[in-house]
Amino acid sequence: RGDPDFKPQNLRVDAPTDPKPKPPKRKGPKRPPPKGAGASPRPRGRPSGGSARPKRAGGGEAEMLAGLCTPGLLVDHYKLGSVIGSGANSTVRQAHCDRGRARTDYAVKSLSKASNDPSVVLREVQIMLRLSEQPGVLQLVNIFNETSTYELVLEFMSGGDLFGILIDRHRGQQVQSDRRGGGEVVVFTEAEAAATIRQVALAVQSCHDNGIVHRDLKPENILLDGGGTLKLADFGLSADIQAAPNG
């Protein structure tokens, strides 16, 4: 730029100003764009290498479920007590309702809307309504649609569940066996075991006769009342085989 004849208007736009100009880029056939270059960016939270997560159901199912619920709030009808059980997506509390001088106890199962699909809750409710008044099946008394939960009011079984009875009896029999210096630990006598199995079999048969398969049969889901009568509970994983497609 020490040239005395240099003037701005003499500068060509396409003239290189670098004393060592770079070679021009070679023009060739355009490379095909990488796969997915024209697609929309992947939303955050979607797993890579697979299809998108299915959308949560909840449109029609939520409306149908709301139509089965009792108007108002749970606390307007029942007085809640302590927690008596919990599961992966639910909590069970004892409750009672005062009607005149009589007090009736219930169990309230709270299902969080954040972790329970309305279609699954609706299926459980519909199954329990179909099995209403069936022997050996826990009865659904009421349903409430709260802001963040579905509240299922169930009959209360004061005897607890079969699993707890097995544990308590085993511990008691083990203590007695240790005091005797050893020996066989008998949790249920043969007659007690036969009566228990018979009641469970009749309850399962009642479900099957109504087109319902429990699919989660275990001691924790077999409840007892104060007189030793057994009833099946927790139909959250149950299936309606009458509504299933053929084959």
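Right above here is the structure, for reference.
Right, let's walk through the structure included here.

What counts and what doesn't
Residues numbered from 1 in each chain as written. Predicted model: local features only at pLDDT ≥ 70, side-chain atom pairs only at ≥ 80, totals over all residues. Heavy atoms only, no water. Helix = DSSP H or I, 4+ residues; strand = E, 2+ residues; numbered from the N terminus. Buried < 20%, exposed > 50% of the residue type's maximum accessible area, 1.4 Å probe, protein only. Areas by Shrake-Rupley, 256 points an atom, 1.4 Å probe, with all protein chains shown as cover. Core = buried A, V, L, I, M, F, W, Y, C linked by side-chain atoms within 4.5 Å. Contact = heavy atoms within 4.5 Å. Salt bridge = Lys/Arg side-chain N within 4 Å of Asp/Glu carboxyl O. Pairing = 2+ DSSP bridges. Axes fitted to C-alpha atoms, helices over the stretch in contact; angles between N-to-C directions. Parallel < 35°, antiparallel > 145°, perpendicular 65-115°, else oblique. Left-handed = near helix turned anticlockwise from the far one by under 90°. Nonpolar A, V, L, I, M, F, W, Y, C, P; charged D, E, K, R; others polar.

1. Quick look at the overall build of the protein
Part 1: Across its full length, the protein carries four helices and nine strands.
Part 2: Scanning the protein from its N terminus toward the C terminus, one meets helices and strands in the order α-β-β-β-α-β-β-α-α-β-β-β-β.
Part 3: Here the protein holds 247 residues, and 27% of them are scored as buried.
Part 4: Of the roughly 17,300 Å² of accessible surface on the protein, a fraction of 53% belongs to carbon and sulfur atoms.

2. With respect to the nonpolar core
Part 1: If you look at the biggest cluster of nonpolar residues, it comprises 29 residues, and the most contacted ones within it are Val125, Leu131, Leu140, Leu152, Cys207 and Phe235.
Part 2: Among the elements of the structure, α2 (118-130), β4 (140-145), β5 (149-155), α4 (190-209), β7 (222-224) and β8 (230-232) are those that each provide at least two residues to this core.
Part 3: No other element matches α2, which puts five residues into this core.
Part 4: Ignoring anything within four residues of it in the chain, the contact list for Leu131 reads Val137, Gln139, Ser206, Cys207, Asn210, Ile212 and Phe235.

3. Details of the pattern of salt bridges
Part 1: Under the defined criterion, the tally for this structure stands at nine salt bridges.
Part 2: For Glu151, the salt bridge identified is with Arg93, shortest N-O distance 3.5 Å. One end of the pair, Glu151, is in strand β5; the other, Arg93, is in strand β2 (residues 90-99), and 58 residues separate them in sequence.
Part 3: For Glu151, a relative accessible area of 5% gives the class buried.

4. Some thoughts on the sheet that holds strand β1 (residues 79-86)
Part 1: Strand order across the open sheet formed by five strands is β1-β2-β3-β5-β4, with antiparallel pairing between neighbours. Every other strand in the sheet has two partners, leaving β1 and β4 as the edge strands with one partner each. The average undirected angle you get between the axes of adjacent strands in this sheet is 25 degrees.
Part 2: Sheet topology note: the β4/β5 ladder contains five bridges and is antiparallel. Bridge pairing links Ile143 to Leu152 in β5.

5. Brief notes about the packing of helix α1 (residues 60-68) against α2
Part 1: Between α1 and α2, whose axes approach to 9 Å, the crossing angle comes to 40 degrees. On the basis of the axis angle, α1 is oblique to α2. Like other packed secondary-structure pairs, α1 and α2 cross with a definite hand, here left-handed. On α2, the residues that touch Glu61, Ala62, Met64, Leu65 and Leu68 of α1 are Pro118, Ser119, Val121, Leu122, Val125, Gln126 and Leu129.
Part 2: Along the lines of polarity and charge, the residues of the contact of α1 with α2 split into nine nonpolar, two polar and one charged.

Treat this as a map of the structure, not an account of what it does.
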